[in-house]
Amino acid sequence: MSVQLPNSCGSAKSQDNAQPARPAPRKGRVPILVILVLLLATALRTYNLDGASLWSDETRSALMALTQPLHIINNAGTDVHSPAFYLVEHYWIKGLGQSDYSIRLLSVFSSVLTVAVTFALSKRIFRADTATVAALLVAASEFHLRLAQEARPYALLSLLTVTSFLFLAELVRRPAGQTAGKYVLVTIPLIYIHPYGLIVVAAQNLFMFLQWRPKLSFSGWPARWISIQFALLLAYSPWLAQFAIQLSRVRNGVLPYYALPTASSVLGTFLEFANLSRYLLGIMILLSIVAFGGIRTYKYPSLHAMLSIWLVAPAAIAFLVSWIFTPIYDTRGLIGSSPALYILAAHGLCKLHSRYFQAGLLVIMLGFCGEALWYYYPNVLKDDWRGAAGIIAAQAHQGDTLCVVEYYDDALRFYLTRTDLIVGCKDILELLAQPGKLPALPDRFWFLHQNNAALNSNPREQLGPQYFISKFDLTGLQLSLFERKQ
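The following paragraphs examine the structure supplied in this document. On a predicted model such as this, the values are computed, not experimentally measured, just so you know.

Rules used throughout
Residues numbered from 1 in each chain as written. Predicted model: local features only at pLDDT ≥ 70, side-chain atom pairs only at ≥ 80, totals over all residues. Heavy atoms only, no water. Helix = DSSP H or I, 4+ residues; strand = E, 2+ residues; numbered from the N terminus. Patch = residues over 30% accessible without salt bridge, like charges linked within 9 Å, V, L, I, M, F, W, Y side chains within 5 Å. Areas by Shrake-Rupley, 256 points an atom, 1.4 Å probe, with all protein chains shown as cover. Salt bridge = Lys/Arg side-chain N within 4 Å of Asp/Glu carboxyl O. Contact = heavy atoms within 4.5 Å. Polar contact = N/O pair within 3.5 Å; in protein donor to acceptor, adjacent residues only side chain to side chain. Pairing = 2+ DSSP bridges. Axes fitted to C-alpha atoms, helices over the stretch in contact; angles between N-to-C directions. Parallel < 35°, antiparallel > 145°, perpendicular 65-115°, else oblique. Left-handed = near helix turned anticlockwise from the far one by under 90°. Nonpolar A, V, L, I, M, F, W, Y, C, P; charged D, E, K, R; others polar.

Regarding unusual backbone geometry
Then step 1. Phi at N48 is positive, roughly 55°, even though this residue is not glycine.
Then step 2. Of note, N275 is a non-glycine position whose phi angle comes to about 60°, a positive value.
Then step 3. Its place among the elements puts N275 in the loop between helix 12 (263-273) and helix 13 (278-291).

What about a nonpolar patch on the surface?
Then step 1. Where nonpolar side chains cluster on the molecular surface, the patch consists of I32, L33, I35, L36 and L39 and spans about 480 Å² of accessible area.
Then step 2. Residue position: L39 is located in helix 1 (residues 29-46).

With respect to the side chain of T163
Then step 1. Note on placement: T163 falls in helix 8 (residues 154-173).
Then step 2. Non-local contacts of T163, meaning those with residues more than four positions away in its chain, are made with V117 and V186.

Considering the side chain of S480
Then step 1. Locating S480 in the fold gives a position in strand 5 (residues 477-484).
Then step 2. At a separation of 2.7 Å, a polar atom in the side chain of S480 contacts the side chain of R460.
Then step 3. Filtering out sequence-adjacent residues up to four positions away, S480 remains in contact with F445, W446, F447, R460, I469 and S470.

Observations concerning the sheet that holds strand 1 (residues 401-404)
Then step 1. Spatial strand order, 2-1-3-5-4: five strands in an open sheet with mixed pairing. Two strands in the sheet have a free side with no partner beyond their single neighbour: strand 2 (422-423) and strand 4 (467-474).
Then step 2. Pairing geometry for strand 1 and strand 2, over two bridges, is parallel. By the bridge assignment, L402 is partnered in strand 2 with V423.
Then step 3. Running at roughly 175° to strand 3 (residues 444-450), helix 17 (residues 385-395) makes contact with strand 1, strand 3, strand 4 and strand 5 of the sheet.

Remarks on the environment of I317
Then step 1. By secondary structure assignment, the location of I317 is in helix 14 (residues 303-324).
Then step 2. In this structure I317 touches I199, A202 and A203, once residues within four positions along its chain are discounted.

Concerning the packing of helix 8 against helix 10 (residues 196-211)
Then step 1. For the pair helix 8 and helix 10, interaxial distance at closest approach is 11 Å and the crossing angle is 20°. Relative to helix 10, the element helix 8 is oriented roughly parallel. The crossing of helix 8 and helix 10 is right-handed. Seen from helix 8, the contacting residues are L157, T161, S164, F165, L168 and V172; seen from helix 10, they are Y196, G197, V200, Q204, F207 and M208.
Then step 2. Looking at side-chain class alone, the contact of helix 8 with helix 10 contains eight nonpolar, four polar and no charged residues.

Geometric values such as these leave the question of function open.
Right under this line is the structure:
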């Protein structure tokens, strides 16, 4: 037996019958709107895509992706990430090249597909007008757009999360073997693309556990669901030991990526979902409450409940793990939960009686989205490693010494193709810390650091009497050329 789903924005015969079902949109109208929404999403995400340099995390991902697949599998576990994204990016770069634009285009492609899959999922649960509004909210989301313009795994994580929930919804409605196979085939790359994929699967298990009733078990559940989860565990088992090592390294401070979250961290996550607008978040929450109005107690698993658990549970699980075991809370990793908020808000909007009120409220919501985008584009501030590499490549002499403070030399190495320079940052920093050894410094060297780098002293001030200093102030970086005075 399967769960009957609503076939309209307002209600289904067996569930939310507080309002009469509205007539379906004219044939052909919604597909045109969906195409326009997808074109909008593409335009917003490709606009000025390579206007800013890749920042340090993006260059590390790209450098890893440029290595051989076996090297990726063996070395991806040195940080907190899984190998799947690097492997996908490896073949993407192999096909499209390693320009900033083409590298970031993978995330753009994933984000636009997320809009399309959000529409498909929403239409299965509700009807086409709700699905169109939900897709529009994803398309106009500054949070999604920002991560779509980075060569990082978050856009792909979002796509796989929404697709996994799409097949979970189908699995709840029609628990057939073919649907189960689709769910498994999508969820396996989800748990390999980022560790937060495991949190998504945990949230899905929570949903199934809360909705299951022994006397109302259908089609062999929960045995069928347990077998599906066993298949996922079996598929993840080759990486399980490495994942345990990653967690232990985070817990022991070897990989100090995350701070301990607070209630403000969780609020900040949902504000990110709403483009950092308290007003937009408030409207979406109110509309989500409206979405549940008139819903009866279900005899079988409720896909309304699935949306709520999808929205709340991943943040709650990450928060609890952070306090009980080790800090792992990361708003970017929760991007896959945001479409649930947009779907609920879209459903609540479509349940309002007045078409004029619906249209007015949608315009207000899109106005908040537009305001966030208007601020985003001119304020994309990423460390300009591309600009620094260009200056060094054009002006450095053969044999110049290059010092890049801290561990950001990978970012410069991605852009700098010259091999005739000497990298000697450690030696230079040690000499700078001992004023009596300043004469041992090279006669000509480059010094590059982030604006917020913790330096014991300012080389520009410290070496002013002994060196001619050429200063290049770039976005997020300070580049200096030191030439000893004769």
